[in-house]
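What follows is the residue order along each chain.
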Amino acid sequence: MSGSLDHSDKGQTAPDLSIQMALSSDQALEIVLENVLCFLSSRHDRNAASLVCKSWYRAEALTRSELFIGNCYSVSPQRVTQRFRQVRSVSIKGKPRFSDFSLLPRNWGAYFATWLVSMVDVYRGLEKVYLKRMCITDDDLAFLAHNFPALKDIVLVCCEGFGTSGLAFVASECRNIRVLDLIDCDVSDDDEDWISWFPESSTSLESLTFDCVESPINFEALERLVIRSPSLKKLCLNEYITIGQLYRLMVRAPQLTHLGTGSFSPSELVVHGEQEPDYAAAFAACKSLICLSGFKEIVPDHLAALNPVCANLVTLNFSYAHINAEQLKSVISRCVKLKSLWVLDSITDEGLQAVAATCKDLLELRVFPTDAADDADGPVTEVGLLAISVGCRKLRSVLYFCQRMTNTAVTAMSKNCPDLEVFRLCIIGLHRPDPVTGEAMDEGFGAIVKNCKKLTRLAVSGLLTDKAFCYIGQYGKLLRTLSVAFAGDSDLGLRYVLKGCPMLRKLEIRDSPFGDLALHSGLHHYYNMRFLWMSSCRVTHKACEQIARQLPRLVVEMISKDEDKEETSEYVETLYMYRSLEGPRADAPGFVRIL
Amino acid sequence: MSPPLLGIEGKSQCNVSLMASSTSTDFISHNELGFKERNYMGLADCSSMNSSAFSSIPEENKNKLNLKATELRLGLPGCQSPERDSGFTLLSSGNLDEKQLFPLAPSKEGICSVTQKTVTSGNKRGFSDTVEGINEGNWMLNGPVSDPEQKTNGSIKTETAAKKSQECINKMNGSNANSIPAAKAQVVGWPPIRSYRKNTLASNTKNNDEVDGKPGPGALFVKVSMDGAPYLRKVDLRMYSAYAELSTGLEKMFSCFPLGKCGPQGAPNKERLSENKMSDLLHGTDYVLTYEDKDGDWMLVGDVPWK
């Protein structure tokens, strides 16, 4: 059977039954299958379907339109484009997460260019590109814009390698651009007025996110763009946009649902006597607004302008807003429908109590630190966490940075919020015990894994012994992602986890005393994982070599900070290993040694 | 508390100029004195490592007090908004010293050294402590060394003023852990927040010369805040060619605010942000222009040539 979905030659139905019967049952089945499989959207379901038999495999391959590659090095672009021929949407993730925290040297890899080369001939109808932690250059962006005429959505998360020149290419050449979202990317300032490059004919924009672009924007061009984009629903501005400019944009786009407010502060000298616009009215006019962010340089006096929209807000990102408890209260007390809140710890425990009092439907909370320094005291503590746990029972995801935390509070949260799926607690002080009891944080995290039966992601911190890991191995049966830093006593700790957590897919460990024995204890499981990261641990070169020998489909990378230093120390600086169909990658830089 | 303070007050001008032309070696000669001519708290006997480290800092770096590199402070010196790197602070002269000298919560200086694993508590002077400290006379400047904690804090200030690297020495109990060369003692990638977010954090760790006030091609903007004013303003320094002009310009800008108005004492204890802080220590209507240079020192405007 040909690989195409086009069966018109068979479907030119001669009403003649004999021709229809010429279809073998196999062929008929495949037609049916393809038509049915079109409806399968989940990649997990599709993966399962493709394993049934060869014909299902073929049919599934023909009908998969959304491609998800969790690790860009697990499979080659050629292999992918040969199997899946009708792809409309591509999502690729590159570097391991710890690269966000400067733990991976530059130029490690994850280049999008190799994918482009393979895709250009096969995926002419590509509509959506989603990249996370990939390197993409201006040339890549130009290539993308130029060669994929159907491209509508470009979403880049934590990517780097490009600048405003690349954005200019996209703006000018993607005729049908609908979504251009840059999230937490490192965008170099090439002094290019990229906004102006959107042609006058471009009216299809639905989402434009550029809050991470740290360069000035041609406001007039932006305003004109907004005016001619009636479908624009999401607009996230960068900090160069003043509140006055924000006002002008909002007035033009009252249909917005998601708004990133930029600096939320006035521009320089405000002429005396000049009327300040009625910001509250502008917000009131945006009746569909459900998501707010930005506030990069907030002047708290303007917080009152948010009042008209608070009642409808579902997502509020104040994580760049240095506001105190009182200021937060003035806003949060109205946000009864809030489901997701990101804040800075400047709001203090008192602010968190206010959140707990109002946001009963809260599903996600992230509390970021204002001050990265280690400290005995911080503005948010166990008091805030406890308050949240009591008030927001439906919580599913928590990220909490603090200087001190008690086992009692964490345990309380485990009992009060049984729906927790993600629990990430970062006690900034290294090896910090429970300040009240002096004990390690084992019991608290133990309670989390024990009581939160839906937990899939966990990040631990503070003083932790092997006991904590024993708990994790014992109870963390659904755990998929685990982040460990400065924790544990011995190999036993990691061993507990590797033996006990069957669903573990991503394990990232730094600065913990786990060594070869522990590494070996996971041999049975590494093929089931997306990756294992161990940096500044006690794993030797020899052990890594052994693993590589025993598991040929595993790529074992040993990464050093410098090219030269590789062999001097007893332990491997950074071990990054992942399953792959391709073997060692060809684009590894000098400081990476692949076994 | 008073004698040292008064002494300083009287000599504020010359102390400031001292700072301006300081050499690093002078700076750290913590010897028997335990009390610095600088407008800082009594210094502890820091480790010799510190001395040597300091003395290795080239003089030029200390002297780069040109405005471009200057970090202007917002609000009270005591209450800082560390993420704003520029801003003037207008203070009444009476309180110049206390406020000006008031070392900021050292943790603001950036990521702490983590070579020690012990839990340290109480060493660090939280913001609330400092504020209360002023009022209660529980002031660190009280003579040279009466207890280890003050030593520690004293040494912090030294470092703050002198060093390029940002370390949180307060937790070190004056131990050797606060060595300058171990600016690398700060743990890489900890806490786990993305660099993009870190850059906007409260930190003076940025050692770049850019004024944070988004300089445009022709403008050099700097944020100015006045005690008692509800919000800050941005000033284009290039519009002025002399301090006198700047001064009148600022006067005009802030003339709309009721002078000497003291709002409620700063926010609750854990408050770190300060732009809009008001101080009830303001007396009178005379304001003094001060700024914080890139090393975190409070300087009187006018000492350094305009250029």
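Worth saying up front: this structure is predicted, and the values here are computed from it rather than measured.

A. Just the overall build of chain A, in detail. Helix and strand counts for chain A stand at 22 helices and 23 strands. For chain A, the proportion of its 595 residues judged to be buried stands at 58%. Of all intrachain contacts in chain A linking residues separated by at least 6 positions in sequence, the fraction that spans at least 24 positions is 70%.

B. Summary view of the packing of aromatic side chains. Residues and elements named next belong to chain A. Counted according to the given criterion, the structure contains 17 aromatic pairs over all chains. Ring centres of phenylalanine 98 and tryptophan 533 lie 5.7 Å apart, and the angle between their planes is 80 degrees; on these two criteria the pair is classed as edge-to-face. Placement of phenylalanine 98 in the loop between strand S2 (89-93) and helix H7 (113-122) and of tryptophan 533 in strand S20 (residues 531-535) is noted, with a sequence separation of 435 residues between them. Across this residue pair, the class does not change: phenylalanine 98 and tryptophan 533 are buried. Between tyrosine 247 and tyrosine 279, the ring centres sit 6.0 Å apart and the planes meet at 75 degrees, which makes this aromatic pair edge-to-face. A residue pair is termed long-range when its members are at least 10 positions apart, and tyrosine 247 in helix H11 (residues 243-252) and tyrosine 279 in helix H12 (residues 279-285) qualify at 32 residues. Overall, the relative accessible area of 23% leaves tyrosine 247 in the partly exposed class.

C. Summary view of the UniProt feature "domain: COI1 F-box" (unreviewed entry) in chain A. The UniProt record marks residues 26-65 of chain A with the feature "domain: COI1 F-box" (unreviewed entry), using the residue numbering of this structure. A helix fraction of 75% and a strand fraction of 0% characterise residues 26-65 of chain A, whose end C-alpha atoms lie 23 Å from each other.

D. Highlighting the pattern of salt bridges. Residues and elements named next belong to chain A. Here the structure, examined in full by the defined rule, presents 27 salt bridges over all chains. Glutamate 60 is the partner of arginine 64 in a salt bridge, and the nearest nitrogen-oxygen pair spans 2.8 Å. Glutamate 60 shares its class with arginine 64; the two are buried. Ionic pairing is found between lysine 95 and glutamate 160, a salt bridge with its closest N-O pair at 2.5 Å. Placement of lysine 95 in the loop between S2 and H7 and of glutamate 160 in strand S5 (residues 160-163) is noted, with a sequence separation of 65 residues between them. Lysine 95 sits in the buried class, given a relative accessible area of 16%. Taken together, the shared-partner salt bridges connect Arg46, Glu60, Arg64 and Arg83 into one network.

E. Seen up close, the packing of helix H16 (residues 382-391) of chain A against helix H17 (residues 407-416) of chain A. All names here are of chain A. At a minimum axis distance of 9 Å, the contact between H16 and H17 shows a crossing angle of 10 degrees. It follows from the interaxial angle that H16 and H17 lie roughly parallel. Contacts from Glu382, Leu385, Leu386, Ile388, Ser389 and Val390 of H16 reach H17 at Ala409, Val410, Ala412, Met413 and Asn416. A per-class count over the contact of H16 with H17 returns 8 nonpolar, 2 polar and 1 charged.

F. Local environment of helix H8 (residues 138-147) of chain A. Residues and elements named next belong to chain A. Where burial is concerned, most of H8 is hidden: 7 out of the 10 residues are buried. Taken as a whole, H8 has its buried residues at Asp138, Asp140, Leu141, Ala142, Leu144, Ala145 and Asn147. Close packing links the buried residues of H8 with H7, strand S3 (128-132), strand S4 (153-157), S5 and helix H9 (164-173).

G. Region of interest: the environment of Asn218(A). Residue and element names in this part refer to chain A. Within the fold, asparagine 218 resides in the loop between strand S8 (207-209) and helix H10 (219-227). Along the backbone, asparagine 218 and serine 196 are 22 residues apart, and their C-alpha atoms lie at a distance of 7.2 Å. Polar contacts involving the side chain of asparagine 218 include one to the main-chain amide nitrogen of alanine 221, which spans 3.1 Å.

H. Layout of the confidence of the model for chain B. All names here are of chain B. Chain-level statistics for chain B give a pLDDT mean of 46 and a share of 6% at 70 or above. Within the model, pLDDT remains below 50 along residues 203-219, and this stretch shows 44 contacts once partners closer than five positions in the same chain are excluded. Of the regions scoring below 50 in pLDDT, residues 259-285 engages in 79 contacts with residues more than four places distant in sequence or in other chains. Across the assembled chains, the prediction reports ipTM 0.84 with pTM 0.69.

I. Main features of helix H14 (residues 325-332) of chain A. Residue and element names in this part refer to chain A. The set of residues buried in H14 consists of Ala325, Leu328, Val331 and Ile332. For H14, the arc enclosing every buried residue in end-on projection is 125 degrees, short of the 170-degree limit, so these residues lie on one face. Structurally, H14 contributes buried residues whose contacts are with helix H13 (307-310), strand S12 (315-317), strand S13 (340-344) and helix H15 (348-358). A distance of 3.1 Å separates the backbone nitrogen of glutamate 326 from a side-chain oxygen at the start of H14, and that oxygen is part of asparagine 324.

J. Local environment of the packing of helix H18 (residues 442-451) of chain A against helix H19 (residues 466-475) of chain A. All names here are of chain A. Close contact between H18 and H19 brings their axes to 8 Å; oriented N to C, the two are set at 5 degrees. Between H18 and H19, the interaxial angle falls into the category roughly parallel. Contacts between H18 and H19 involve Asp442, Glu443, Gly446, Val449 and Lys450 from the former and Lys467, Ala468, Tyr471, Ile472 and Tyr475 from the latter.

K. Broad picture of the side chain of Ser346(A). All names here are of chain A. Relative to the helices and strands, serine 346 resides in the loop between S13 and H15. Of note is the side chain of serine 346, whose polar atom sits 2.7 Å from the backbone oxygen of isoleucine 323. Other than its neighbours up to four places away in sequence, serine 346 contacts Ala321, His322, Ile323, Asn324, Ala325 and Thr370.

L. Looking closely at the environment of Leu517(A). Structurally, the position occupied by Leu517(A) is in helix H21 (residues 516-520). Through-space distance from the C-alpha of Leu517(A) to that of Val539(A) is 8.7 Å; in sequence the pair is 22 residues apart.

M. Just the state of the cysteines, in detail. Under the counting rule described, the total for this entry stands at 0 disulfides over all chains. Here Cys185(A) stays free of any disulfide, with the sulfur of Cys212(A) as its closest cysteine sulfur at 4.8 Å.

Calculation rules
- Residues numbered from 1 in each chain as written.
- Chains lettered and ligands numbered in written order.
- Predicted model: local features only at pLDDT ≥ 70, side-chain atom pairs only at ≥ 80, totals over all residues.
- Heavy atoms only, no water.
- Helix = DSSP H or I, 4+ residues; strand = E, 2+ residues; numbered from the N terminus.
- Buried < 20%, exposed > 50% of the residue type's maximum accessible area, 1.4 Å probe, protein only.
- Contact = heavy atoms within 4.5 Å.
- Phe/Tyr/Trp six-rings, centres within 6.5 Å; stacked < 30°, edge-to-face > 60°.
- UniProt positions renumbered as here; feature names shortened; annotations may be inferred.
- Salt bridge = Lys/Arg side-chain N within 4 Å of Asp/Glu carboxyl O.
- Axes fitted to C-alpha atoms, helices over the stretch in contact; angles between N-to-C directions.
- Parallel < 35°, antiparallel > 145°, perpendicular 65-115°, else oblique.
- Nonpolar A, V, L, I, M, F, W, Y, C, P; charged D, E, K, R; others polar.
- Polar contact = N/O pair within 3.5 Å; in protein donor to acceptor, adjacent residues only side chain to side chain.
- pLDDT = per-residue confidence, 0-100.
- Arc of directions from axis to C-beta.
- Disulfide = S-S within 2.5 Å.

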